[in-house]
Amino acid sequence: MMAIFGEQVLTPDGWAENVRIVVDAGRIASVEPNSTAGAGDERHAIIVPGMANVHSHAFQRAMAGLTEMPGPGSDNFWSWRDLMYRFALSFSPDQIEAVASQLYVEMLEAGFTRVGEFHYLHHDKNGGHYADIAEHSARIAAAAHATGIGLTLLPVFYAHSQFGGQAPGEGQRRFINDIDSFGRLLEGARKAVQTLNQSKVGIAPHSLRAATIEEIRELQRLDFDGPIHIHIAEQVKEVEDSIAFSGQRPVEYLLANSDADSRWCFIHATHMTDAETIGMAKRGVVAGLCPITEANLGDGFFQAPLFLEHGGAISVGSDSNVQIGVSDELRQLEYSQRPLHRARNVIATHGRSTGRTLFDEAATGGAKALSHESGITAGKPADFVSLKPVFDAGYKADQVLDNWIFGEGMSVDGVWVHGRKLVSEGRHPARERIGERFGGVMKALLSQH
Ligand SMILES: [Zn+2]
């Protein structure tokens, strides 16, 4: 049993003052507003719930800043993907673990308490299976164990290169499984996370390019307790290819041909008609938005106001991991909307400020997307973050979140996952050791490219 005292704490009922949060065995035992701090309580100015990062490809952290040089033709998502494939072919299991560990330290220090790892780099450099087919899943789990971040592992099913079940390309060989080998991989992934606290294993058919609808239905019959994630409607070409294949747009097709509901998370969901946007919201499917990556790759704009107006659940993910930040993703999400609608405070609902709306919606939707629970209230996992004002300016309630997201006036101070304090004064204790190993891996990878 331990207690943490917060002068301002964001609870599901709103902001509370002078709150004692009592933690027992990784969960919140009680939340006592208007109380006084006990002698041994750790004291903080501001405490907010931990944020879920719903979409990450850990190995891509090593590519950050390496794809910003123009190529001979015009650069777009597809030319970026060619570079990413070449990069993906060079990783060893040790290197995957080192890069994921570095990434998870950065996520924790940013205030992300849980990650959805959409993991598709499964096999050896020639496309052969490792002795343990889930070798790389075990490396992701080891990185989560070493850093303490909560993990929802989403092994990816990837079988084809294009709509209609076309054969995969040579550059995709490390990703490929059939239903049988994927079943073994999933079992291995479940074993790999067994010793982690509060871990979940879901599944991720990569996209409608890489998995047919028949295969998606077969995957759903496998044994897993977590959510179902899929990349969808990220690119205009993908929408065109979908229409050429089935006569329907990707989201339209998947809503019509699957049982997609609140157990599902559609990653990106960028290019949707109004009918698709409303349909997805009404079915309860969570939108897994990756605002910084979507801006970096030139994907497009999510229809946020319409989706939220129909009760849609949103969440955020760092995807290509080019930058890691809770406030940065939320700010970019709002800033992606302002030029589009030529308006300010586009994502602000129910009388809340923009920062508060962004934070509440992404924390709640994010937990849902990772089959986890969120909120500073009795019975929930003790996953929370303390913020430290840069200046003692007396920001109150929603001003705190607005100032963190839009004013750079708050820094992440402490981070607790499952009741364990993993970050103190903004630093993870293993950051030097893990950072040194990451530097060595980067030198080795860059010498090959
Ligand atoms: Zn992705």
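Residues numbered from 1 in each chain as written. Predicted model: local features only at pLDDT ≥ 70, side-chain atom pairs only at ≥ 80, totals over all residues. Heavy atoms only, no water.

K.L.:
I keep staring at the overall build of the chain and nothing clicks. Help me out?
P.N.:
Check the secondary structure of the chain and you find 14 helices and 16 strands. Its C-alpha atoms give the chain a radius of gyration of 21 Å, within 12% of the compact-globule value 22 Å for 449 residues. For the C-alpha atoms alone, the extent of the chain along its principal axes is close to 65 × 45 × 45 Å. Counting across all 449 residues of the chain, residues that qualify as buried make up 59%. Contacts spanning at least 24 positions in sequence make up 73% of the contacts within the chain whose residues lie at least 6 apart. If the 40 positive side-chain charges of the chain are averaged to one point and the 55 negative ones to another, these points end up 2 Å apart. (Helix = DSSP H or I, 4+ residues; strand = E, 2+ residues; numbered from the N terminus. Rg over C-alpha atoms; globule rule 2.2 N^0.38 Å. Buried < 20%, exposed > 50% of the residue type's maximum accessible area, 1.4 Å probe, protein only. Contact = heavy atoms within 4.5 Å. Lys, Arg positive; Asp, Glu negative; His and termini not counted. Charge placed at Lys NZ, Arg CZ, Asp CG, Glu CD.)

K.L.:
Sorry if this is basic, but what is going on with the coordination of the zinc ion here?
P.N.:
Think of it this way: four donors in a tetrahedron around the metal ideally sit 109.5 degrees apart, and six in an octahedron ideally sit 90 or 180 degrees apart. All of the protein donors around the zinc ion are H55 (NE2), H57 (NE2), H231 (NE2) and D319 (OD); their distances to the metal are 2.1 to 2.5 Å. Going along the chain, you hit the donors of the zinc ion in the pattern H-x1-H-x173-H-x87-D. Here H231 lies in strand 10 (residues 228-232) and H57 lies in the loop between strand 5 (51-56) and helix 1 (77-88), a separation of 174 residues in the sequence. H231 gets classed as buried once you look at its relative accessible area, which sits at 9%. (Donors = N, O, S within 2.8 Å, 3.2 Å for Na, K, Ca; no water.)

K.L.:
Before we go on, may I ask you to explain the sheet that holds strand 16 (residues 420-423) in this structure?
P.N.:
Hydrogen bonds between backbone atoms are what pair the strands of a sheet, whose relative direction is either parallel or antiparallel. The seven strands lie next to each other as 3-2-1-4-14-15-16, forming an open sheet whose pairing is mixed. The strands lining the two open edges of the sheet, one partner per strand, are strand 3 (27-32) and strand 16. The average undirected angle you get between the axes of adjacent strands in this sheet is 40°. Across the sheet, helix 12 (residues 354-369) lies against strand 1 (2-11), strand 2 (14-24) and strand 4 (42-49), angled at about 125° from strand 1, the strand it touches most. (Pairing = 2+ DSSP bridges. Axes fitted to C-alpha atoms, helices over the stretch in contact; angles between N-to-C directions.)

K.L.:
Help me understand the nonpolar core, please; the structure alone is not making it clear to me.
P.N.:
Nonpolar side chains tend toward joint burial in soluble globular proteins. Counting 122 residues, the largest nonpolar core has Y104, F266 and F359 as the members making the most contacts within it. Built from parts of two domains, this core gets at least three residues from each of domain 1 (2-49 + 384-417) and domain 2 (51-369). Discounting chain neighbours no more than four positions away, the residues touching F266 are I230, I232, V251, L254, L255, A260, M280, V285, V286, A287 and G288. Counting residues in hydrophobic clusters, the runner-up holds 12 residues, among them V9, A16, I21 and W416. (Core = buried A, V, L, I, M, F, W, Y, C linked by side-chain atoms within 4.5 Å. Domains from an automatic or database assignment.)

K.L.:
Quick question: what am I supposed to make of the packing of aromatic side chains here?
P.N.:
For any pair of aromatic rings, the description consists of the separation of the ring centres together with the inter-plane angle of the planes. Within the structure shown, the criterion is met by 17 aromatic pairs. Aromatic pair Y120 and F175: ring centres 4.8 Å apart, planes at 85°, arrangement edge-to-face. In this pair, Y120 is assigned in the loop between strand 6 (112-119) and helix 3 (135-147) and F175 in the loop between strand 7 (150-157) and helix 4 (179-193), connecting sequence segments 55 residues apart. Neither residue differs from the other here; Y120 and F175 are each classed as buried. (Phe/Tyr/Trp six-rings, centres within 6.5 Å; stacked < 30°, edge-to-face > 60°.)

K.L.:
How should the pattern of salt bridges be read in this particular structure?
P.N.:
Side chains that carry opposite charge are capable of pairing whenever their charged atoms lie near each other. Scanning the model with the defined rule gives 25 salt bridges in all. Among the ionic pairs, E334 bridges to R338, the shortest N-O distance being 2.7 Å. One end of the pair, E334, and the other, R338, are both in helix 11 (residues 326-341), four residues apart, so they sit about a helical turn from each other. Across the pair, R338 and E334 agree in class, each one buried. Across the salt bridge formed by R427 and E432, the nearest N and O atoms sit 2.7 Å from each other. Residue class for R427 comes out partly exposed when judged on its relative accessible area of 40%. Residue E432 is classed as partly exposed on the basis of its relative accessible area, which comes to 47%. By sharing partners, the salt bridges in this structure join D94, E97, E135, R139 and R437 into a single network. (Salt bridge = Lys/Arg side-chain N within 4 Å of Asp/Glu carboxyl O.)

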